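Spelled out from the first residue to the last, the chains are:
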Amino acid sequence: MADISQIREGAPMSFGQQLKLTVMLSLPAMLAQLSSILMQYIDASMVGRLGADDSAAIGLVSTSLWLFWGICSAVTTGFSVQAAHKVGAKDDAAARNVLRQAITACLIFSFAVTAIGIAIAPSLPRWLGGNDDITPQASLYFLVFVSALPLLTLNYLAGGMLRCVGNMKVPSALNILMCVMDCLFNFLLIFPSHHLNLHGIDITIPGAGLGVLGAALGTVLAEAVTAGLMLYYLCYRQPELRLRGRHGSYRPRKSIIRKAVTISVPMTVEHAVICGAQIAVTMIVAPLGVFSIAANAFAVTAESLCYMPGYGIGDAATTLVGQSYGAGRHELVKRFGYITVGLGMVVMSVMGVLMWIAAPWIMELMTPVAEIQSLGVESLRIEAWAEPMFAASIVAYGVFVGVGHTTVPAIMNFGSIWAVRLPLAWILARSMGLKGVWIAMCAELTFRGAIFLFRLLRGRWIPQINTPHDAEPLEA
């Protein structure tokens, strides 16, 4: 039977065992990613019932929020990858040291990013080209989310640390719980109180009637509860990383911070420039009108149902490749790279077909406005063709992160989106409207997947294998 401990123990693994272990880790990781997407669906569909202006308000700032979320997530990855290497090398004490310092460093960083977000919140929607009808709501929505970034960062950190030791089930289960809580909180906060009559019995359904603000608060509350539960399990229950009863310093140390910076900075810069490009796309779409802004935001959310399984498999790839690298098993690193990328391409190809078929139903679920539905369906059916190659870039990136190789992949992502997507989107939007923007996106994702596959197959992304042990004091 395939088990992740076989990597650390140096046990031989057949192709069938490697594939089975990949699937075992990928399924809960995909489930976790899908649950986070369902939260976006819930927000979008509930707010969509309020009208086009409220939908456009959220859509206007959504890419900017991805920028802030992604920067904080990238910072946590610099520590979780180190922990994977330590666990792979059977050095749990060093992995716990990484965790302690990660908590301190990530909190400091997230508070700094939060301060920046709060400062720009009043002006951001106008910078993005929003009109007076939607900018106040957009500013409020953005402000609530950036204020909760420290909690969200701890959630990212705890989930990443659990996955790095091969525990995909707990993060997945807690993300499903977060989705359920998001439904409940949103329902109570977005809509006003209303009455239902069931078989002659009058029932009052309570509601705060906060609209867009309620959507933000509902999601933030769900994330806060999940972050607390995730941290509790990590620090008190996870055998390799639990901190209870073990003393050690939370003061950042140069060697661990330096490695985290080496891994995270390219990812952070890359995410910033990619989200900057997505924000630029939003600015290209904004002059096309409220319907196009809302349709673009809904289509981006709907498409994520296809690519989030790829990110789940990418998380599994980072864990498998990271532990294999930490254990000094060069050939296993390469084989897990090929297996995870192949699996990701198959899964996302199937998801692309399903999205093409179900596009009208998906958009009807998200908004009752016919004009938005029509534009959204057209966009989704264009994007469906790019899913196999998009999968190649997503999972290959997770493979490269597993060995701490982030600089070149970051440059590849940056170059692809800025040199291909943005110029094409700007040119095509002028003559084809929103359809042209999505054709540009499809072309760019296909190109990006091709260059990531080329680098993966060349095999020059694996650093010199060794079994690292920091020459620094460990736990007291």
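Residues numbered from 1 in each chain as written. Predicted model: local features only at pLDDT ≥ 70, side-chain atom pairs only at ≥ 80, totals over all residues. Heavy atoms only, no water.

For the protein, the helix and strand inventory stands at 16 helices and two strands. Its C-alpha atoms give the protein principal-axis dimensions of about 60 × 45 × 45 Å. Relative to all contacts within the protein whose residues are 6 or more apart in sequence, the contacts with residues 24 or more apart total 83%. Between the mean site of the 30 positive side-chain charges and the mean site of the 26 negative ones, the protein shows a separation of 13 Å. (Helix = DSSP H or I, 4+ residues; strand = E, 2+ residues; numbered from the N terminus. Contact = heavy atoms within 4.5 Å. Lys, Arg positive; Asp, Glu negative; His and termini not counted. Charge placed at Lys NZ, Arg CZ, Asp CG, Glu CD.)

A surface patch of nonpolar side chains, about 350 Å² in accessible area, is lined by Phe15, Leu19, Val23 and Leu27. Structurally, the position occupied by Val23 is in helix H2 (residues 15-48). Among the residues examined, Val23 registers a relative accessible area of 30% and is labelled partly exposed. (Patch = residues over 30% accessible without salt bridge, like charges linked within 9 Å, V, L, I, M, F, W, Y side chains within 5 Å. Areas by Shrake-Rupley, 256 points an atom, 1.4 Å probe, with all protein chains shown as cover. Salt bridge = Lys/Arg side-chain N within 4 Å of Asp/Glu carboxyl O. Buried < 20%, exposed > 50% of the residue type's maximum accessible area, 1.4 Å probe, protein only.)

Mapped onto the fold, Arg448 is located in helix H16 (residues 434-458). C-alpha of Arg448 to C-alpha of Arg258: the two residues are 190 residues apart in sequence and 29 Å apart in space. With residues up to four places along the chain from it excluded, the contact list for Arg448 reads Phe390, Ser393, Asn413, Ser416, Ile417 and Arg421.

Working definition: two side chains of opposite charge can pair if their charged atoms are close together. If you walk through the whole model with that rule in mind, you get four salt bridges. Notably, a salt bridge pairs Asp132 with Arg126, separated by 2.9 Å at the nearest N-O pair. Given the relative accessible area of 54%, Asp132 is considered exposed. Note on Arg126: relative accessible area 51%, which makes it exposed. One salt bridge connects Arg421 with Glu444, and the closest N-O pair in it is separated by 2.7 Å. Here Arg421, found in helix H15 (residues 407-432), pairs with Glu444, found in helix H16; they are 23 residues apart in sequence, far enough to count as distant. Residue classification places Arg421 among the buried positions, given a relative accessible area of 7%. Sharing partners across several salt bridges, the network here consists of Arg421, Glu444 and Arg448.

Turning to the nonpolar core, a few remarks are in order. Grouped together as the largest cluster of nonpolar side chains are 82 residues, with contacts concentrated most on Tyr141, Phe142, Leu149 and Trp438. Ranked by residues supplied to this core, first place goes to helix H3 (residues 52-88) with 13 residues. When sequence neighbours within four positions are dropped, the list of residues in contact with Leu149 reads Phe68, Trp69, Cys72, Ser110, Val113 and Thr114. Counting residues in each nonpolar core, the second largest holds 36 residues, with Met13, Ile263, Ala317 and Ala396 among its members. (Core = buried A, V, L, I, M, F, W, Y, C linked by side-chain atoms within 4.5 Å.)

Right, let's talk about the side chain of Ser292 for a bit. Following the sequence through the fold, Ser292 ends up in helix H11 (residues 290-326). Apart from the residues within four sequence positions on either side, Ser292 is in contact with Val285, Leu375 and Leu434.

So, about the packing of helix H4 (residues 92-120) against helix H6 (residues 135-147). As a packed pair, H4 and H6 sit with axes 9 Å apart at the nearest point and diverge in direction by 165 degrees. When the axes of H4 and H6 are compared, the pair comes out roughly antiparallel. By crossing handedness, the relation of H4 to H6 is classed as left-handed. Listed contacts from H6 to Thr114, Gly117, Ile118 and Ile120 of H4 are Phe142, Leu143, Val146 and Ser147. Of the residues in the contact of H4 with H6, the class split is five nonpolar, three polar and no charged. (Axes fitted to C-alpha atoms, helices over the stretch in contact; angles between N-to-C directions. Parallel < 35°, antiparallel > 145°, perpendicular 65-115°, else oblique. Left-handed = near helix turned anticlockwise from the far one by under 90°. Nonpolar A, V, L, I, M, F, W, Y, C, P; charged D, E, K, R; others polar.)

In terms of backbone geometry, most residues other than glycine have negative phi values and most peptide bonds are trans. One non-glycine residue with positive phi stands out, namely Lys90, at about 60 degrees. Mapped onto the secondary structure, Lys90 falls in the loop between H3 and H4. For Lys90, a relative accessible area of 53% translates into the label exposed.

Here we come to the confidence of the model for the protein. Looking at the protein as a whole, the pLDDT averages 85, with 92% of positions reaching at least 70. Ignoring residues within four places in sequence, the model shows residues 466-476, a span with pLDDT below 50, making 34 contacts including any to other chains. (pLDDT = per-residue confidence, 0-100.)

Tallied over the full model, the rule gives 11 aromatic pairs. With 4.9 Å between their ring centres and 65 degrees between their planes, Tyr141 and Phe145 make a pair best called edge-to-face. One end of the pair, Tyr141, and the other, Phe145, are both in helix H6, four residues apart, so they sit about a helical turn from each other. Residue classification places Phe145 among the buried positions, given a relative accessible area of 2%. In textbook terms, an aromatic cluster arises when at least three aromatic residues are bridged by ring pairs, as seen for Tyr397, Phe400, Phe452 and Trp461. The ring centre of Trp356 lies 4.2 Å from the NZ or CZ of Arg381, which sits over that ring. Between the NZ or CZ atom of Arg430 and the centre of the ring of Trp426, over which it lies, the distance is 4.6 Å. (Phe/Tyr/Trp six-rings, centres within 6.5 Å; stacked < 30°, edge-to-face > 60°. Lys NZ or Arg CZ within 6 Å of the ring centre and 35° of its normal.)

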